[in-house]
Amino acid sequence: MSQQKRSLAVDLGGLVLPTPVMIASGCAGTGRELSGLVDLRRVGGVVSRTITVRPRRGSPPPRIAESPSGIVWSTGLQNPGIDAFIGAEMPALAKAGSPLVVSIGGGTLEDYVRLTGALQGRAEVVGIEIHLSGPDEEFERPVLGVHVDRVTEIVGAVARMSLVPVFAKLPGGVDIVPLAIAAARAGATGLTLTGSPPALHVDATTAQVTLAEAGSWLAGPALKPLMLRAVHEVHRALPRMPLIASGGIRSATDAIEALLVGATAVQVGSATMIDPTAPVSIAQGVMKELKARALTSPMHLRGAAAHAVRRGAEEATT
Amino acid sequence: MKRVRAEILSTRNLGAYQSLTLVAPEIAERARPGQFVAAAMPDDREFVLRRHLTIHQSSRRGGWAGTLEFVVDPSAGPGTNWLSERRAHEFLDIVGPLGKPFSYPKRLTNCLLIGEGRSVAGLYFLAQELLARGKRVDMVIGGASLEAVFKPIEAKRLSQLVTVMTADGSLGERGAVVDALPGAVERSSAEVVYAAGRPALLRAVAALCRTRKLPAQVAVEERMGCGYGLCGACAVPVANKDGSDWDHARACVDGPVFNPARVLWDRWPAAAASAPAPRTDPGVLEPGVGGT
């Protein structure tokens, strides 16, 4: 063990990332912006904004408001559609030098099948993340991914078709374990926990709901305890499943807390909007922590707190 | 675009506003009128996003070389209020210069600059650059009251003709900036129009310039998340270049300066004549660039 070289690399079910700190979907621009702001070769991975089959113009402005230690946002998944994405944005994102995971979203099973098909065999793409927080157009449900049947169906289809690892990004603010088990059984390589929970921003002065009501979500540091709880519960239920923690991470301490409850990697979202170098500085902080604890890999931190809790529970019952 | 830890050289109270001058040569050397900087908020507060502030002044030469100045409205929200309380020798985490700047006319000479409230701050920087290129500058500025009109004496110094409008008549003429536009265009025989401010004002400027066939550039205000193109929060509806269709552009990297003829004002809720007035203390993010 002492001979082993210390490394930040992590293995997400076969997808090896150089560091455990990724940039979350929707915070990576269109490929050109980030490369001037941060050395992407030192970022664990970049998740593209969520791409749909057809172009989407997204929500009308305003799209963002602040809440205590957080932001409420509604971009309405603005994106150029899969064809334009593959033609222009994807090469730019891939060229920037960080492993590229493409986030795909839709309202029907067919959408996901077409998106996965379009990405098949694209060497630039190291993984697919399935956005499941949008409305279900087939079943006319407000959120597609909160139903076990749909998670099973969609994750199953994408996992069978994809030639690269598939990560299901489960919706936030819901009973997560049954959905996680469904996604795992359907063949997901790993899980991203979690998407932004639905939120609302109201302006008392103008007596108006500030942002597009249908698709407003909470992001930012306020989410951290919700994320930790979700990762902790899913890790207990599925101890071998690779988990990517997403929600409220803005410091190395936040990232380590997520690893301790069972995450293998983390995603940094709104923190990159405030500090574009956050994914690099957080990874450096994790490295420092590994040295302090005389560990050689972030994977050695994984679940340490979860196990401690379990031991505590066992002692309490005996 | 640089990220720097910039020392505050001085702060000044200017009527309803507070101006901050920073030592930031890396940014000041590149800054052009219409661009903005993004100032980070302290870690221990519950408001987290950077504040996006139009550059009021940037000095490349002389005794103030390497400094840049921006202006905040302390009543606009908690973030700008925090900035207004900063004192000399404190440090700010600043990213800039950001956004597309105004461009200068090559042949045309008579420039009319239009703004209200704090948005005027960026236009004075533009006026200096236009004067340095031998252009004639006229201005229409305004605000709710005397205190809300930003540096009226500076406006007089920079322009040939100045029209000042206040809602309560405490300075200049009683009324809104919009009311003074047709007369000002006549008097100044304007050939090019520049404007900065709320979407409702810019929409009126756009309509006027369309009927008079005047080329124009407007610096928009929209709430921003990051300010450097990552998050897609600061959407502005614009027609595609070929005119075939439209999409949401980003105010931070595709703007904040736009050709008003390309902006689809009908699709921009804040540009509607009936849009709610900007809040004095929103308790949330101040409107983005040059917010009131």
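*Asks:* Quick question: what am I supposed to make of the overall build of chain A here?
*Replies:* Secondary structure summary: chain A contains 10 helices and 15 strands in total. Against the 2.2 N^0.38 benchmark of 20 Å for 318 residues, chain A shows a C-alpha radius of gyration of 19 Å, consistent with a compact globule. Considered along the principal axes of its C-alpha atoms, chain A spans approximately 55 × 45 × 40 Å. The proportion of buried residues among the 318 residues of chain A is 56%. When contacts within chain A are restricted to residue pairs at least 6 apart in sequence, those whose partners lie at least 24 apart make up 71%.

*Asks:* How should the sheet that holds strand 6 (residues 91–98) of chain B be read in this particular structure?
*Replies:* The strands making up a sheet associate through backbone hydrogen bonding, with each pair oriented either parallel or antiparallel. Residues and elements named next belong to chain B. Spatially, 1-2-5-4-3-6 is the arrangement adopted by the six strands of the closed barrel, whose pairing is antiparallel. Pairwise comparison of adjacent strand axes, ignoring direction, gives a mean angle of 45 degrees for this sheet. Here strand 4 (residues 51–59) runs beside strand 5 (residues 67–72); their pairing, made up of four bridges, is antiparallel. Note that in strand 5 the partner of Gln57 across the bridge is Glu69. Against the sheet, helix 3 (residues 120–132) touches strand 4 and strand 5, its axis set at about 30 degrees to strand 4.

*Asks:* Where do I start with the packing of helix 6 (residues 224–237) of chain A against helix 7 (residues 252–260) of chain A in this structure?
*Replies:* Axes are the key here: two packed helices are described by the angle between their axes and the distance separating the axes. All names here are of chain A. Axis separation between helix 6 and helix 7 bottoms out at 9 Å; the angle between their running directions is 25 degrees. Viewed along their axes, helix 6 and helix 7 adopt a mutual orientation that is roughly parallel. Viewed along their axes, helix 6 and helix 7 form a crossing whose handedness is right-handed. Residue-level contacts link Lys224, Met227, Leu228 and Val231 of helix 6 to Asp254, Glu257 and Ala258 of helix 7. For the contact of helix 6 with helix 7, the per-class residue count stands at four nonpolar, no polar and three charged.

*Asks:* It is not clear to me how the confidence of the model for chain B should be interpreted in this structure. Could you clarify?
*Replies:* Do not read the predicted coordinates in detail wherever pLDDT is low. All names here are of chain B. Within chain B, residue pLDDT values average 90, and 93% of them lie at 70 or more. Contacts for the low-pLDDT stretch residues 278–292, under 50 throughout, to residues beyond four places or in other chains number 61 contacts. For this predicted complex, the interface score ipTM comes out at 0.89, alongside a pTM of 0.92.

*Asks:* Which parts of the structure should I look at to understand the domain arrangement of chain B?
*Replies:* All names here are of chain B. For chain B, the assigned domains are domain 1 (2–98) and domain 2 (110–217). Distance between the C-alpha centres of domain 1 and domain 2: 24 Å. Between domain 1 and domain 2, the contact holds 13 residues from the first and 11 residues from the second. Ranked by residues supplied to the side of domain 1 that touches domain 2, first place goes to strand 4 with five residues.

*Asks:* So what exactly am I meant to see when it comes to the interface of chain B and chain A here?
*Replies:* By convention, interface size is frequently given as the accessible area that disappears when the constituent parts associate. Opposite the 31 residues of chain B that make contact, chain A presents 33 residues. Contributions of two or more residues to the side of chain B that touches chain A are made by strand 13 (235–239) and strand 14 (246–250) of chain B. When grouped by side-chain class, the residues that make up the side of chain B that touches chain A number 20 nonpolar, four polar and seven charged.

*Asks:* Explain the pairing of strand 12 (residues 216–219) of chain B here, please?
*Replies:* Strand residues, when the strand is regular, have side chains that alternate between the two faces of the sheet. Residue and element names in this part refer to chain B. Of the two faces of strand 12, the one holding Ala216 and Val218 and the one holding Gln217 and Ala219 are both buried throughout. Note: strand 11 (residues 192–196) against strand 12, four bridges, orientation parallel. What sits directly across from Tyr194, in strand 12, is Gln217. Handedness of the crossover is the feature at issue here: the chain leaves strand 11, passes through helix 6 (residues 199–212), returns alongside strand 12, and the resulting connection is right-handed.

*Asks:* Is there a simple way to explain the nonpolar core in this structure?
*Replies:* Most often, soluble globular proteins keep nonpolar side chains buried together rather than apart. Formed by 189 residues in total, the largest nonpolar core has its most connected members in A:Ile130, A:Ala183, A:Val231, A:Ala258, B:Val37 and B:Val205. With eight residues, helix 3 of chain B is the largest single contributor of residues to this core. Split by domain, the residues of this core number at least three in each of domain 1 (2–98) and domain 2 (110–217) of chain B. Discounting residues that sit within four places of it in the chain, A:Ala258 has contacts with A:Met227, A:Leu228, A:Val231, A:Ala245, A:Ile249, A:Ala263 and A:Val266.

*Asks:* Quick question: what am I supposed to make of the sheet that holds strand 11 of chain B here?
*Replies:* All names here are of chain B. Taking strand neighbours across the sheet as the criterion, the seven strands line up as 10-9-8-7-11-12-15 in an open arrangement whose pairing is mixed. For this open sheet the edge positions go to strand 10 (173–174) and strand 15 (257–258), each flanked by a neighbour on one side alone. Pairing of strand 8 (residues 136–143) with strand 9 (residues 162–166) involves five bridges; the strand directions are parallel. Each residue of the ladder has a partner; that of Met139, found in strand 9, is Val162. On top of the sheet, helix 3 reaches strand 7 (110–115), strand 8, strand 11 and strand 12; it is set at about 170 degrees to strand 7, its chief contact. Sheet contacts for helix 6: strand 7, strand 11 and strand 12; angle to strand 12, the most-contacted strand, approximately 175 degrees.

*Asks:* Help me understand the packing of helix 3 (residues 109–119) of chain A against helix 4 (residues 148–161) of chain A in this model?
*Replies:* Residue and element names in this part refer to chain A. Relative to each other, helix 3 and helix 4 sit at 20 degrees, their axes nearing to 9 Å. By the criterion of interaxial angle, the relationship of helix 3 to helix 4 is roughly parallel. In terms of crossing hand, the pair formed by helix 3 and helix 4 is right-handed. Of helix 4, the residues touching helix 3 (which contributes Leu109, Tyr112, Val113, Thr116 and Gly117) are Glu153, Ile154, Ala157, Val158 and Met161.

*Asks:* Sorry if this is basic, but what is going on with helix 6 of chain A here?
*Replies:* At 3.6 residues per turn, the α-helix brings residues three or four places apart onto the same side. Compared with the 20 Å implied by 1.5 Å per residue over 14 residues, the 20 Å span of helix 6 of chain A between its first and last C-alpha is a close match. Where helix 6 of chain A is concerned, the buried positions are A:Lys224, A:Met227, A:Leu228, A:Ala230, A:Val231, A:His232, A:Val234 and A:His235.

What counts as what
Residues numbered from 1 in each chain as written. Chains lettered and ligands numbered in written order. Predicted model: local features only at pLDDT ≥ 70, side-chain atom pairs only at ≥ 80, totals over all residues. Helix = DSSP H or I, 4+ residues; strand = E, 2+ residues; numbered from the N terminus. Rg over C-alpha atoms; globule rule 2.2 N^0.38 Å. Buried ≥ 20, exposed ≤ 12 C-beta atoms within 10 Å, placed from the backbone. Contact = placed C-beta atoms within 7 Å. Pairing = 2+ DSSP bridges. Axes fitted to C-alpha atoms, helices over the stretch in contact; angles between N-to-C directions. Parallel < 35°, antiparallel > 145°, perpendicular 65-115°, else oblique. Left-handed = near helix turned anticlockwise from the far one by under 90°. Nonpolar A, V, L, I, M, F, W, Y, C, P; charged D, E, K, R; others polar. pLDDT = per-residue confidence, 0-100. Domains from an automatic or database assignment. Right-handed = clockwise from strand over helix to strand, strands pointing away. Core = buried A, V, L, I, M, F, W, Y, C linked by C-beta atoms within 7 Å. Expected span 1.5 Å × (residues − 1).

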